[in-house]
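# An overview of the molecular structure
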Amino acid sequence: MLYELVSFSDQINILNVFRYITFRTGGAIFTALLFVLLFGPGIIALLRLKQGKGQPIREDGPQSHFSKKGTPTMGGLMILAGVTVATLLWADLSNAYVWIVLFVALAYGGIGFYDDYLKVTKQQSSGFGGRARLGLEFLVAAVAVYFLVQLSTPDLAGKLALPFFKTALIDLGLFFVVFGMFIIVGAGNAVNLTDGLDGLAIVPVMIAAATFGLIAYLIGNVRFASYLQIHHVAGTGELAVICGALIGAGLGFLWFNAPPAMIFMGDTGSLALGGALGAIAVATKHEIVLAIVGGLFVLETLSVIIQVASFKMTGRRVFRMAPLHHHFEQKGWHESTVVVRFWIISVVLALVGLATLKLR
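Residues numbered from 1 in each chain as written. Predicted model: local features only at pLDDT ≥ 70, side-chain atom pairs only at ≥ 80, totals over all residues. Heavy atoms only, no water.

## A closer look at the overall build of the protein chain
Counting its secondary structure elements, the protein chain contains 14 helices and 2 strands. Total accessible area on the protein chain is roughly 16700 Å²; 69% of this is exposed by carbon and sulfur atoms. (Helix = DSSP H or I, 4+ residues; strand = E, 2+ residues; numbered from the N terminus. Areas by Shrake-Rupley, 256 points an atom, 1.4 Å probe, with all protein chains shown as cover.)

## Considering the layout of surface pockets
Here the second largest pocket defines a volume of roughly 290 Å³. Lining of the second largest pocket is provided by 17 residues; of these, Ile 183, Gly 186, Ala 187, Ala 190 and Val 298 occupy positions nearest its centre. Elements that contribute at least two residues to the lining of the second largest pocket include exactly helix H6 (175-194), helix H10 (266-283), helix H11 (287-293) and helix H12 (295-314). Per-element tally for the lining of the second largest pocket: the top contributor is H6, with 6 residues. Residues of the lining of the second largest pocket, tallied by class, amount to 12 nonpolar, 4 polar and 1 charged. (1 Å grid on protein atoms, 1.4 Å probe; cavity = no way out; pocket = protein on both sides within 12 Å on 5 of 7 lines; lining within 4 Å. Points joined across faces, edges and corners; volume = space filled by probe spheres on them. Nonpolar A, V, L, I, M, F, W, Y, C, P; charged D, E, K, R; others polar.)

## Looking at the side chain of Ser 310
Mapped onto the elements, Ser 310 comes out in helix H12. According to the relative accessible area criterion, Ser 310 is buried, its value standing at 15%. When sequence neighbours within four positions are dropped, the list of residues in contact with Ser 310 reads Gly 315, Arg 316 and Val 318. (Buried < 20%, exposed > 50% of the residue type's maximum accessible area, 1.4 Å probe, protein only. Contact = heavy atoms within 4.5 Å.)

## Here we look at the packing of aromatic side chains
Taken as a whole and judged by the stated rule, the model has 8 aromatic pairs. When the ring of Phe 35 is compared with that of Phe 39, the centres are 4.7 Å apart and the planes differ by 40 degrees; the resulting orientation is tilted. Of this pair, Phe 35 and Phe 39 both sit in helix H2 (residues 21-51), 4 residues apart, which is roughly one turn of the helix. Taking the centre distance of 5.8 Å and the plane angle of 45 degrees together, the rings of Tyr 217 and Phe 224 count as tilted. Across from the ring centre of Trp 333, 4.6 Å away, lies the NZ or CZ of Arg 341, which sits over that ring. (Phe/Tyr/Trp six-rings, centres within 6.5 Å; stacked < 30°, edge-to-face > 60°. Lys NZ or Arg CZ within 6 Å of the ring centre and 35° of its normal.)

## Topic: empty space enclosed by the protein
Under the defined criterion, the tally for this structure stands at 3 cavities of 30 Å³ or more. Lining the largest cavity, in full, are Tyr 97, Leu 148, Val 149, Ser 152, Ala 157, Gly 158, Phe 176, Val 233, Val 282, Ala 283 and Lys 285. Secondary structure elements with two or more residues in the lining of the largest cavity: helix H5 (130-151) and H10. Of the residues in the lining of the largest cavity, the class split is 8 nonpolar, 2 polar and 1 charged. Within this model, the second largest cavity holds a volume of roughly 40 Å³. What lines the second largest cavity is Leu 80, Val 83, Leu 102, Ala 105, Ile 242, Leu 246, Ala 272, Leu 273 and Ala 276. A per-element tally of the lining of the second largest cavity places H10 first, with 3 residues.

In short, shape yes, function no, at least from these values alone.
Next up, the structure:
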């Protein structure tokens, strides 16, 4: 009888671990990683068979990239599949934040998939029309931000939190929806612009996901939030599980995307990953911190904006080629050198972003 009681007690204790976000986040990491590693080769083989010539290479791109011709794209499908399976298995599905972020990731993945499909079938580097694509992205973002605002408490709804300040909030009112839309759309397209070299985008995404996984966990825990004197957003701790899934799926994808890449993530992956990070930043009230943690994505985007603006106004180019990673390639840096150095920058920026939590 005593043995039975002890055994039953042990079973209860074992089941209790599933209540902990940290345990479920770890489970999401390993589930997504295992899923991508197991099914990745089959997905790659299928995409190679269906796509034939693979992703088109930009005619005006670096000459070294022509050797990548024939590499299949849409690798974001394996990332999204891994993230979705891991999230459904380990996250609290009664949590609305989980569904909102997953909705953005899958919707953006669908938009990116259509763009990749057009590129592959037409065999040209341009796909979905820019205005139509942005229109859909903003529509998805509008729906997500609207529901995020509805979930917010009255003291946080429609307000922007400032890093380095303990209690400072800027009341944006209805404009917060517009602001949040730009954060999500901007993040999706910034990651998309960064995805130009083997392994370049996925590692900074994982670094950002790890950073925001920690932020979500702290923000969602009233005790930690109180100790750090940051705004507590009830329920957002569950987003750490999605961040774990992003890390695990990212690691699995990197196994196949490491140079020389067997597959590219394409817009299917880059738009989805960036959009998910943007939605998590809006949910946790750390939109500005995303600009710090994802500073590499910001730099890549700014390089394109500056290049286009300069050429239109003066007829001159500031960079040898944009986005920024191509500029350094044109300067003679080896592709792997650019990638690793950009990874280092991402780590430093993530540490700066985390420092804002304690400096408030």
